[in-house]
Amino acid sequence: MASQNRVDLDGNPIKPITICMIGAGGFIGSHLCEKLMAETPHKVLALDVYNDKIKHLLEPDSLPWADRIQFHRLNIKNDSRLESLVRMADLTINLAAICTPADYNTRPLDTIYSNFIDAIPVVKYCSGNNKRLIHFSTCEVYGKTIGSFLPKDSPLRQDPAYYVLSEDASPCIFGPIEKQRWSYACAKQLIERLIYAEGAENGMDFTIVRPFNWIGPRMDFIPGIDGPSEGVPRVLACFSNNLLRHEPLKLVDGGQSQRTFIYIKDAIEAVLLMIENPARANGHIFNVGNPNNEVTVKQLAEMMTKVYAKVSGEPLLETPTIDISSEEFYGVGYDDSDKRIPDMTIINKQLGWNPKTSLWDLLESTLTYQHRTYAEAVKQATSKPAAS
Ligand code: NAD
């Protein structure tokens, strides 16, 4: 139930606001809408081309928050309603993007248009109408670590100064243009720079969020079940798909990249603090991740096979993983970040926020959801005779 007596981090009462949330029907948007409806008095104008992941918040009309959420089906590329919706709100949150690695090198034009060109009007409408903007960028803007350029046996590789990624100090290191993988990171970097410049030159209030591998229920799709059979979602859904089909998890280039994973519900707490503490969040770029949950992708795969066996009651896979080259899996032009550890100093100082959930626990709740949601559908799909 939304309490009427909520206060911000400085003890001031929080006034109900209207939020224009672009991309509200996606993974992060669906969790943010849920949180805002269940725990706050704020209103949401939810914009997206899809609403499947938030349908449970929109229907039936008898839901306690029915008058606080409104879905607008629109594509921000070409819909004249966008500016008036930004104007009707106190705050705009832009989540809309193409953000699956399999698209970066195979659909570089769509990736650049979606992450840069399509976001420009949103920034302009916020700046021109004196509206606050929270924009979702990515940890990919850091690219590779400085340490990755050191000799393999250099002891400096163990020194955090060479790999911890901090918002106000780390450079953004991308590969050459022909490695089209970096089209996403580069487009996100340029929109960050545009937003920062609108703040510096025109006084726009903004906050930029750099998510570090947020995972949880409703992330992406399971190919052939609620998404295209040939589609390649992000790593959590790829591995979940393999587990549901009892096939080995595919490790790109041996799965040696290191990542930190954070539970979506921890990350959403951070976003709510940004929404409700504008004086502490405006003008800042925030890393949002969990530095304690670092694993290689291979270790993630091994942990997921164990957790899935526990939550599904099915036996462990005999061959849990197989290697595949990045060219075979992602196509030409793929490249990767070696390691991503977020520096948490700024978000901790400004918002007093820290992540809580361990990797094992977040995988347990996420894979329980995946199993309950998809296991039966996958079983039925795989038992159907192949079309002749
Ligand atoms: P998502 O793909 O689940 O959600 C994005 C939503 O935007 C989708 O529902 C999509 O339909 C919508 N959208 C895209 N283009 C649109 C358009 N032209 N008009 C209207 N709607 C449009 O992705 P997500 O994981 O929820 O990510 C949200 C944001 O966070 C993205 O900007 C992404 O780059 C960023 N991000 C997320 C992560 C993560 O760990 N999940 C990591 C880094 C960055």
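Residues numbered from 1 in each chain as written. Predicted model: local features only at pLDDT ≥ 70, side-chain atom pairs only at ≥ 80, totals over all residues. Heavy atoms only, no water.

(A) Structural view of the packing of helix α11 (residues 297-312) against helix α14 (residues 359-383). Axis separation between α11 and α14 bottoms out at 9 Å; the angle between their running directions is 60°. The pairing of α11 with α14 is recorded here as oblique in orientation. The element α11 and its partner α14 pack so that their crossing is right-handed. The residues of α14 that touch α11, namely those facing Leu300, Met303, Met304, Lys306, Val307, Tyr308, Lys310, Val311 and Ser312, are Leu359, Trp360, Leu363, Glu364, Leu367, Thr368, His371 and Ala375. Each residue belonging to the contact of α11 with α14 can be placed in one class, and the counts come to 11 nonpolar, three polar and three charged. (Axes fitted to C-alpha atoms, helices over the stretch in contact; angles between N-to-C directions. Helix = DSSP H or I, 4+ residues; strand = E, 2+ residues; numbered from the N terminus. Parallel < 35°, antiparallel > 145°, perpendicular 65-115°, else oblique. Left-handed = near helix turned anticlockwise from the far one by under 90°. Contact = heavy atoms within 4.5 Å. Nonpolar A, V, L, I, M, F, W, Y, C, P; charged D, E, K, R; others polar.)

(B) A look at the packing of aromatic side chains. A complete count under the given rule lists seven aromatic pairs for this structure. Note on Phe174 and Trp182: the rings are 5.7 Å apart at their centroids and 15° apart in plane angle, and the pair reads as stacked. In this structure Trp182 comes out as buried when scored by relative accessible area, which is 3%. Through a chain of ring-to-ring contacts, the aromatic side chains of Phe329, Tyr330 and Tyr334 assemble into a single cluster. A cation sits over an aromatic face here: Arg181 above Trp182, 5.6 Å from the ring centre. (Phe/Tyr/Trp six-rings, centres within 6.5 Å; stacked < 30°, edge-to-face > 60°. Buried < 20%, exposed > 50% of the residue type's maximum accessible area, 1.4 Å probe, protein only. Lys NZ or Arg CZ within 6 Å of the ring centre and 35° of its normal.)

(C) Examining the environment of Pro121 more closely. With respect to the secondary-structure elements, Pro121 resides in helix α6 (residues 120-128). The spacing of Pro121 and Ile76 is 45 residues in sequence and 8.7 Å in space, taken between C-alpha atoms.

(D) Looking closely at unusual backbone geometry. Following Glu59, the chain continues into Pro60 via a peptide bond in cis, with omega recorded as -5°. By the element assignment, Pro60 lies in the loop between α2 (55-58) and β3 (69-73). Although it is not a glycine, Asn130 sits at a positive phi angle of roughly 55°. Inspection of the secondary structure assignment puts Asn130 in the loop between α6 and β5 (132-136). Residue Asn130 is classed as exposed on the basis of its relative accessible area, which comes to 69%.

(E) How the structure looks around helix α5 (residues 108-115). Taken residue by residue, α5 has Pro108, Thr111, Ser114 and Asn115 as its buried positions. Down the axis of α5, the buried side of the element spans an arc of 135°, and every buried residue falls inside it. Buried positions along α5 lie against α4 (101-104) and α7 (182-202). (Arc of directions from axis to C-beta.)

(F) Structural view of helix α1 (residues 27-39). Between its first and last C-alpha atoms α1 spans 19 Å; for 13 residues at 1.5 Å apiece the expected length is 18 Å, and the two agree. Of all 13 residues that make up α1, 10 are buried, and the element is covered over most of its length. Of all the residues in α1, the buried ones are Phe27, Ile28, Gly29, Ser30, His31, Leu32, Cys33, Lys35, Leu36 and Met37. (Expected span 1.5 Å × (residues − 1).)

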